[in-house]
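Chain and residue survey
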Amino acid sequence: MTLEPGLYVAATPIGNLKDVTYRAVETLKAADRIYCEDTRQTAKLCAAYSIKTPRAAYTEHNAAKVEAEIIQALREGAAICLVSDAGTPLISDPGQRLVLAALKAGIRVFPLPGPNAAIAALSAAGAPTERFLFAGFPPAKSDARAAFFQSIANVDATLVFYEGPSRLAESLSAMAAAFGGRRAIVARELTKIYEEFDAGDLSELARKYQARPAKGEIVVIVDPPAEKPAASLDDIDTFLRRALSAMSVKDAAAAAADALQIPRKAAYERAIALKGGA
Ligand code: SAM
């Protein structure tokens, strides 16, 4: 197989070595070079699939240094693969500056989609998936972490975090403080022997993992905030009467529509009726 020149960003397994695409294996075999986060980790995948392509390290620490050599090779027409230790490169993993540098140099960047821990967790956790926010690793320091959770507490979406086992319990308590009693799922060791999905109320999960620290790799999924109950006609009238004492019909209707999350037209019609009645 001959590859078009360019940078191939290849997803690799997050545990189970069989979770790799045919296209990823073929591309890794045919590439001129594979850049990996940890050459020993990628060696396991290469051994399993008889991939003999030369490998070199591309890490957060050497990225600035190695980048020039990669871009030069790409400019000369090489086909280069980028992989991380597990899952999709750039997703809480190195690669963003290399992809940007390649794009700036006019080089084609090909995604080779495949495993990702956040998506794997979402696909089997049972949480709403129409809208989700992938929030990566929470900050390690408690003040920064509390502020981080607070900043996304009102986002109307399922929240997805990566977390290490040693910080899981404190993170869950900080989430409980910021998000209240929402339901959450701790998805552990996905695609591996001890795969587990543990659902419960955030405070309950925090207590549980304080008492019995978790092991392995973890994704935490938190349900979206509960929907506010729809405003009743009484609520709408009370709001509008107060607003109409200080504003025009149009402004009062707009304020009611925003505050009570009701259609503008309905708020306007009700405001006219109330004004007429008064
Ligand atoms: N790039 C990877 C991806 O696409 O998912 C993520 C890399 S990030 C450095 C590693 C974190 O991903 C782990 O600390 C854990 O939170 C999550 N993770 C990776 N593999 C996992 C697995 N098998 N089960 C649960 N979480 C996993």
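1. Quick word on the overall build of the protein chain
Of regular secondary structure, the protein chain possesses 11 helices and 10 strands. Its C-alpha atoms give the protein chain a radius of gyration of 26 Å, more than 25% over the compact-globule value 19 Å for 278 residues. Referenced to the eigenvectors of the C-alpha coordinate spread, the extents of the protein chain come out at roughly 85 × 50 × 35 Å. Out of the 278 residues belonging to the protein chain, those deemed buried represent 43%. In the protein chain, the proportion of contacts linking residues at least 24 apart, taken out of those at least 6 apart, comes to 68%.

2. Observations concerning the site of the ligand
Near the ligand, the surroundings consist of 19 residues, among which Thr88, Asp93, Asn116, Tyr162 and Ile218 are the closest. One of the backbone nitrogen or oxygen atoms of Ile91 is found 2.9 Å away from a nitrogen atom of the ligand. Here an oxygen atom of the ligand sits 2.7 Å away from a polar atom, N or O, in the side chain of Tyr162. In isolation the ligand has 570 Å² of accessible area, and contact with the protein removes 90% of it. Listed by contribution, the elements that provide at least two residues to the shell around the ligand are strand E7 (158-163) and strand E10 (218-222). Considered class by class, the residues forming the shell around the ligand number 10 nonpolar, 4 polar and 5 charged. The two domains that each donate at least three residues to the shell around the ligand are domain 1 (6-115) and domain 2 (118-222).

3. Considering the pairing of strand E6 (residues 132-136)
Here E6 pairs with E7 via 4 bridges, running parallel. Looking at E7, one finds that Leu133 is bridged to Leu159. Following the chain from E6 across helix H6 (residues 142-151) to the adjacent parallel E7, one finds a crossover that is right-handed.

4. Focus: the side chain of Asp198
Mapping Asp198 onto the fold places it in strand E9 (residues 196-201). At 2.8 Å, the side chain of Asp198 and the side chain of Lys208 are in polar contact. Only 2.5 Å separates the side chain of Asp198 from the side chain of Tyr209, close enough to count as a polar contact. Sequence-distant contacts of Asp198, that is, excluding residues within four places in its chain, are made with Ala184, Ile185, Val186, Leu205, Lys208 and Tyr209.

5. Description of the domain arrangement of the protein chain
You can read the domains of the protein chain as domain 1 (6-115), domain 2 (118-222) and domain 3 (233-277). On a C-alpha basis, the centroid separation for the pair domain 1 and domain 3 is 58 Å.

6. Quick notes on the pattern of salt bridges
In this structure the tally under the stated criterion is 14 salt bridges. When the shortest N-O distance is used, the salt bridge between Asp258 and Arg264 registers 3.0 Å. Look at the salt bridges and you will find they share partners, linking Glu189, Lys192 and Glu217 into a network.

7. A look at the nonpolar core
If you look at the biggest cluster of nonpolar residues, it comprises 24 residues, and the most contacted ones within it are Phe161, Leu172, Met175, Phe179 and Val222. The biggest single contributor to this core is helix H7 (residues 168-179), with 8 residues. Ignoring anything within four residues of it in the chain, the contact list for Val222 reads Thr158, Leu159, Phe161, Met175, Phe179, Arg182, Arg183, Ala184 and Leu202.

8. Re the environment of Ile152
Take Ile152: it is sitting in the loop between H6 and E7. With 26 residues separating them along the chain, Ile152 and Ala178 place their C-alpha atoms 8.8 Å apart. In this structure, Ile152 is in contact with Leu133, Ala135, Leu159, Phe161 and Phe179, ignoring residues within four places of it in sequence.

9. Considerations on the packing of aromatic side chains
Under the defined criterion, the tally for this structure stands at 8 aromatic pairs. An angle of 75° between the planes, with centres 6.3 Å apart, marks the rings of Phe148 and Phe161 as edge-to-face. You can see Phe148 sitting in helix H6 and its partner Phe161 sitting in strand E7, a full 13 residues away along the chain. Assessed through its relative accessible area of 0%, Phe161 is described here as buried. Seen in terms of ring centroids, Phe149 and Phe179 are 5.6 Å apart; in terms of plane orientation they differ by 65°. Their pairing is edge-to-face. Highlighted residues: Phe149 in helix H6 and Phe179 in helix H7, separated in sequence by 30 residues. Look at Phe149 and you get buried, because its relative accessible area is 0%.

10. Concerning the sheet that holds E10
Spatially, E6-E7-E10-E8-E9 is the arrangement adopted by the 5 strands of the open sheet, whose pairing is mixed. In this open sheet, the two edge strands, each paired with only one partner strand, are E6 and E9. With direction set aside, neighbouring strand axes in the sheet form an average angle of 20°.

Cut-off values and rules
- Think of each chain on its own: its residues are numbered from 1, step by step along the sequence as written.
- Two thresholds apply to this predicted model, a pLDDT of at least 70 for residue-level local features and 80 or more for giving and counting side-chain atom pairs, whereas whole-chain, interface and lining totals are computed over all residues.
- Processing note: side-chain calculations cover all non-hydrogen atoms of the structure and skip hydrogens and water entirely.
- For helices the rule is a DSSP run of H or I covering at least 4 residues; for strands it is a run of E covering at least 2, with both sets numbered from the N terminus onward.
- Here the globule rule reads 2.2 Å times residues to the power 0.38, and the radius of gyration is calculated from C-alpha atoms.
- Only protein chains enter the accessibility calculation, which uses a 1.4 Å probe; a residue whose area is less than 20% of its type maximum is buried, one above 50% is exposed, and one in between is partly exposed.
- Contacts are residue-level and defined by heavy atoms, with any inter-residue pair within 4.5 Å sufficient.
- For each residue, the test is whether any non-hydrogen atom lies within 4 Å of the molecule or strand; if one does, the residue is near.
- Any pair of nitrogen or oxygen atoms within 3.5 Å is treated as a polar contact; in protein, a donor-acceptor pairing is required on top of that, and neighbouring residues in sequence qualify only through side-chain atoms on both sides.
- We get accessible surface area from the Shrake-Rupley algorithm with a probe of 1.4 Å; when it comes to residues, only the shown protein chains can shield them.
- Gly is put with the polar residues, along with every residue not named as nonpolar or charged; the nonpolar set is Ala, Val, Leu, Ile, Met, Phe, Trp, Tyr, Cys and Pro, and the charged set is Asp, Glu, Lys and Arg.
- Boundary definitions for the domains trace back to an automatic or database domain assignment.
- Only when DSSP finds a minimum of two bridges between them are two strands counted as paired.
- Whether a crossover is right-handed depends on one test, that the path from the first strand over the helix to the second runs clockwise when the strands point away from the viewer.
- We define a salt bridge as a contact between a side-chain nitrogen of Lys or Arg and a carboxyl oxygen of Asp or Glu at a distance within 4 Å.
- Here, nonpolar core refers to any group of buried Ala, Val, Leu, Ile, Met, Phe, Trp, Tyr and Cys residues whose side-chain atoms link them within 4.5 Å.
- Only rings of Phe, Tyr and Trp enter the pairing, Trp through its six-membered ring, and a pair is recorded when the two centres are within 6.5 Å. The plane angle decides the type: under 30 degrees is stacked, over 60 is edge-to-face, the rest tilted.
- Structural elements are reduced to axes, namely lines fitted to C-alpha atoms, with helices fitted over the stretch in contact, and the angle between N-to-C directions of any two is expressed from 0 to 180 degrees.

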